[in-house]
Amino acid sequence: MTSTLYQQIQQLYDASSGLWEQVWGEHMHHGYYGPDGNLKKERRQAQIDLIEELLSWARVPTAGALSEPYRILDVGCGIGGSTLYLTEKFGSIAQNNLKSDDGVDRDFSRSSEPNQKGDRVTATGITLSPVQANRAKERAKIAGLESNVNFLVADALNMPFPDESFDLVWSLESGEHMPDKIKFLEECYRVLKPGGTLILATWCHRPLGETAGELTDAERKELAEIYRVYALPYVISLPEYEEIVRSLPLTSIRSADWSKAVAPFWDVVIDSALTPSAIWGLLTSGWTTIQAALALGLMSRGYESGLIRFGLICAVK
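Reference entry: report on the structure contained in this document. All values reported here derive from a predicted model rather than from experimental measurement.

### Considerations on the nonpolar core
Phe90, Trp170, Tyr230, Trp258 and Phe310 are the most contacted members of the largest nonpolar core, which totals 59 residues. Counting residues per element, this core draws most heavily on helix α2 (residues 43-58), which supplies seven residues. Leave out the neighbours within four places in its chain, and phenylalanine 90 touches Leu55, Pro61, Leu66, Tyr70, Ile72, Val121 and Leu168. In terms of nonpolar packing, the next biggest core, distinct from the first, is built from 29 residues, Leu157, Phe166, Leu238 and Ile253 among them.

Below, the structure written as structure tokens:
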């Protein structure tokens, strides 16, 4: 990534992650409110539901096909919310696979610690924010998963991993930060093992083309403000992501637009930001975080107008 963009992203998340965790918890991504976005849910439950719905949609993991050791890469891991959740979930599945047909657990070497997953499932999270990486390590220790997970400050366009390292490459709302979408997806492909799965969920703008037309000046202006506030170089449409993915040697490629399902999230965040503790946290967290909070309405309006979309891609190597 360019040094200026790198610094902007780092500063945004260094400054805002503590407040986000304090007010909204460990998951720094959208929530899922049903296919049409009309289900009423507690915010954190909606965020967990998004993870579960993504896994179900991408058809992973299947218990019989869970290789051991199973390695997960979380690209843009935040403070480790998804990383730790996936490690726990996949670890439980791997442990159940060790039970015999009569229900007796044959893994006699298993640690007595309830959260210890041995080396059957491991996960690595990468972020540009040292603050996030350090907090994620703290949270892993609290969860008893420090031997199963690792968090690094690393550039997703030049990942410090050998080829074919991971069974699952998980990118939940990080693609929008990438200044080179092609290079980003090439890197995801490079580090994915044969037979492994890529799951990408990312901010997009509406599709372009003869029917929809090009972006209007007003739409470009609105996107430019979102880019400025959230340290984004640019976003592309879901069909453009599909075109990139189809240029790579991947199979079982599928895509979906879940904009309706996640759009209510922004109004929920806006409402919860109006509490005294949240307002005080904003005032003490610095101008970068305040700008991001003031721009929450931009995202809400973007979904309402159809300019902002929530795009999904999954594929198998």
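### Some thoughts on the side chain of serine 82
Assignment of secondary structure puts serine 82 in helix α3 (residues 81-97). Look at serine 82 and you get buried, because its relative accessible area is 6%. Sequence-distant contacts of serine 82, that is, excluding residues within four places in its chain, are made with His27, His29, Ile51, Asp74, Trp170 and Leu172.

### Considerations on the pattern of salt bridges
Tallied over the entire structure, the rule returns twelve salt bridges. A salt bridge links lysine 193 to aspartate 167, with the shortest nitrogen-to-oxygen separation between them at 3.3 Å. Of this pair, lysine 193 sits in strand β5 (residues 192-205) while aspartate 167 sits in strand β4 (residues 166-172); the two residues are 26 residues apart in sequence, bridging distant segments of the chain. Between arginine 206 and glutamate 219 there is a salt bridge, with its nearest N and O atoms 2.9 Å apart. With arginine 206 in the loop between β5 and α6 (217-230) and glutamate 219 in helix α6, this residue pair connects regions lying 13 residues apart in the sequence. Here arginine 206 matches glutamate 219 in class, with each residue buried.

Rules and cut-offs
Residues numbered from 1 in each chain as written. Predicted model: local features only at pLDDT ≥ 70, side-chain atom pairs only at ≥ 80, totals over all residues. Heavy atoms only, no water. Core = buried A, V, L, I, M, F, W, Y, C linked by side-chain atoms within 4.5 Å. Buried < 20%, exposed > 50% of the residue type's maximum accessible area, 1.4 Å probe, protein only. Helix = DSSP H or I, 4+ residues; strand = E, 2+ residues; numbered from the N terminus. Contact = heavy atoms within 4.5 Å. Salt bridge = Lys/Arg side-chain N within 4 Å of Asp/Glu carboxyl O.

Without other data, these values stay purely geometric and don't point to any function.
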